[in-house]
Amino acid sequence: MEERNKLIQRRIEKLEEFKKQGMKIYRNDFLPDAFSGDLHSAYDDKDGESLVKDNVCVKIAGRVMAYRSFGKAGFMKVKDFTGQIQVYAEKNSLSEEDFKLYKKLDVGDIIGVEGCLFKTKTGELTIKANKIVLLTKSLRPLPEKWHGLQDKELRYRQRYVDLIVNDEVKETMVKRSKIINAIREFMIKNRFVEVETPMMHKLVGGATAKPFVTHHNALDIDLYLRIAPELYLKRLVVGGMERVFEINRNFRNEGMDLKHNPEFTMMEFYVAYKNYLFLLDFTEELFEYVINSIGLDKTNIQFGDNTIDFSRPWKRLDFFEGLKDVGGLDDDVIKDKEKALKLALELGKSVNKDMSLEKILAELFDALVEPKLINPTFVIGYPVAISPLARRDNDNPNITERFELFISGMEVSNGFSELNDPFDQKERFLKQLEDRKKGDEEASMYDADYIRALEYGLPPTAGEGIGIDRVVMLLTNHDSIRDVILFPLMKDRDDEE
RNA sequence: GGGUCGUUAGCUCAGUCGGUAGAGCAGUAGCCUUUUAAGCUAUUGGCCGCAGGUUCGAUUCCUGCACGACCCA
């Protein structure tokens, strides 16, 4: 593509011309003293006459987003991280060199402008330039000014261009930052300590998923990118850090779709001397705090075609009740593996007769119940067979003290009272090891050090993981996880220059 | 993994019932000192995703591949 693109070539030529004329290029000595957004909030309401009388003169810097030139004058829109402001350039107010430069500017160039504020005929706040400097020449043309960048593939691959022309992207990412900030605030207010545990694990554990494998050369050992921080966080509770949380990336070597990216952000937290019932209330409070802090109305949050009401208390739905009342299943289907299997197959689920009844019911739940859970709903009473890490219910040994939170049909969090019996944990590890030997790549490995930690004693503890990307999707009304991740994973294309 | 659709100028998109392509914006050359997608005149720009097949001839039809979007698993 070296010389093929004339648009780029033309801009390089302009840069060469500037250099020849002795102009400094890629200079960094222009120091702005104002931001466009601040100027708008300070002076938009002021009338033009008194604005000129006050003689407000500023230095701003930013990218040229619009360029309208006529003969001996013209307008530009200059954009910085706070917004855009119009700049008026006329021959009489600029030095000859600066006006020449102005006439050669392209949309996309990064410039510094020194000038004084006034209002145009139409009342728009504008800077009348008395000095213009080129800070960075943009060599590539920006997308079309009206439609912007529409191609989703290009938007994800060249997010920098997407950010320049589609303001909505930056707004979403700023909101993401505010959401995470609010979560952090809430946790700290509740006396949790933020920690960072290893991202590179010697053993796979803490969830059911295939890991990414990497290699440490000096030690000559394989390491796994973590699929969950769970086992390390619980070690900290053993050590007396009774309230800990971590907001960080997990990595799972799985397919990608609207709701899955191989690396994704989770908040996991653990609190000693509480059980899963505490987590239900705590989660409601957490969401209320976050929603308030970003200025949304908790009773009316738009997500796609759904309007979601986050008012407390949220619905609590027993797993089996859900299958009956929401899924419309008869008792005999729930108790009869043959019938459940037949129905699951009819629904196109990939199930087989080697699966347990509970596993098949989970598939039915996924197909028939989850899509109907629009307002926040805690599903509780999960069977032991599909909850390998959760503590058994004190009254009913067949179910666990576990819940999952669904909003708009999407699993947002998963939590439970932790298993702190080292004997039971050891057995479950051994069972996983067997599965792994049989070829189950998602089974965990035997973590002897974790067993040792449990033998020192893990207090009764409740723990939960919240999918941050999905929370951001819900609160920014995006149905694709790629729209809330700045650089989603994309396959390589070999036609890149 | 399966299905459907898409890939044409820097960008947004037309189009060719098979005869080597168009518009708008951007660019270039002019005119223009208050514009708001500025306007007016002229004009440059294409391996029509890649590879094969059918055909006198393929950007168009067929097959495969790559990448992407959506649906399903």
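In this text, all values refer to a predicted model and were calculated from it rather than measured experimentally.

A. Quick peek at the pattern of salt bridges. Tallying each qualifying case throughout the model produces 40 salt bridges. In this structure, Asp 109 engages Lys 137 in a salt bridge whose closest nitrogen and oxygen atoms are separated by 2.8 Å. Residue Asp 109 is found in the loop between helix H4 (96-104) and strand E4 (110-119), and its partner Lys 137 is found in the loop between strand E5 (125-136) and helix H5 (152-157); the two are separated by 28 residues along the sequence. On the accessibility criterion, Asp 109 (0% relative accessible area) is buried. Here the residues in one salt-bridge network are Asp 281, Glu 284, Glu 285, Glu 288, Lys 298, Arg 312 and Arg 316, joined through shared partners.

B. Highlighting the nonpolar core. Counting 44 residues, the largest nonpolar core has Ile 183, Met 187, Met 267, Phe 269, Phe 310 and Leu 475 as the members making the most contacts within it. Among the elements that line this core, the one with the most residues is helix H9 (residues 276-293), at eight residues. Grouped together as the second largest cluster of nonpolar side chains are 26 residues, Val 58, Ile 60, Val 87 and Tyr 102 included.

C. Looking closely at the protein's contact with RNA strand B. Of all residues adjacent to RNA strand B, which total 48 residues, the nearest are Arg 68, Asn 92, Thr 122, Lys 145 and Glu 153. The sugar-phosphate portion of RNA strand B accounts for 61% of its atoms within 4 Å of the protein, the bases making up the rest. A distance of 3.0 Å separates a base oxygen of RNA strand B from a polar side-chain atom of Thr 120. Elements that contribute at least two residues to the surface near RNA strand B include exactly helix H1 (6-20), strand E1 (57-70), strand E2 (73-80), strand E3 (83-90) and H5. Grouping the constituent residues of the surface near RNA strand B by class yields 15 nonpolar, twelve polar and 21 charged.

D. Expanded view of unusual backbone geometry. In this model, Arg 312 is joined to Pro 313 through a cis peptide bond whose omega is -5°. Tracing the sequence through the fold places Pro 313 in the loop between strand E13 (306-308) and strand E14 (315-318). Although it is not a glycine, Asn 55 adopts a positive phi angle of roughly 50°. Relative to the elements of secondary structure, Asn 55 occurs in the loop between helix H3 (48-54) and E1.

E. Quick peek at the sheet that holds strand E8 (residues 213-216). Pairing is antiparallel across the open sheet formed by three strands, whose spatial order is E7-E9-E8. A single partner strand is all that each edge strand has here, and the edge strands are strand E7 (200-201) and E8. Relative to strand E9 (residues 221-225), E7 runs antiparallel, the two being bridged by two bridges. Along E9, the bridge assignment pairs His 201 with Tyr 224.

F. Quick look at the pairing of strand E17 (residues 410-417). Within E17, six of the eight residues are buried, which leaves the element mostly enclosed by the surrounding structure. The turn linking strand E16 (residues 402-407) back onto E17 is made up of two residues, and Ser 408 within it adopts a positive phi angle of 50°. In this structure, E17 lies alongside strand E18 (residues 461-467), joined through five bridges in antiparallel fashion. When the sheet's bridge partners are listed, Ser 417 is paired in E18 with Ala 462.

Parameters at a glance
- Residues numbered from 1 in each chain as written.
- Chains lettered and ligands numbered in written order.
- Predicted model: local features only at pLDDT ≥ 70, side-chain atom pairs only at ≥ 80, totals over all residues.
- Heavy atoms only, no water.
- Salt bridge = Lys/Arg side-chain N within 4 Å of Asp/Glu carboxyl O.
- Helix = DSSP H or I, 4+ residues; strand = E, 2+ residues; numbered from the N terminus.
- Buried < 20%, exposed > 50% of the residue type's maximum accessible area, 1.4 Å probe, protein only.
- Core = buried A, V, L, I, M, F, W, Y, C linked by side-chain atoms within 4.5 Å.
- Near = heavy atom within 4 Å.
- Polar contact = N/O pair within 3.5 Å; in protein donor to acceptor, adjacent residues only side chain to side chain.
- Nonpolar A, V, L, I, M, F, W, Y, C, P; charged D, E, K, R; others polar.
- Pairing = 2+ DSSP bridges.

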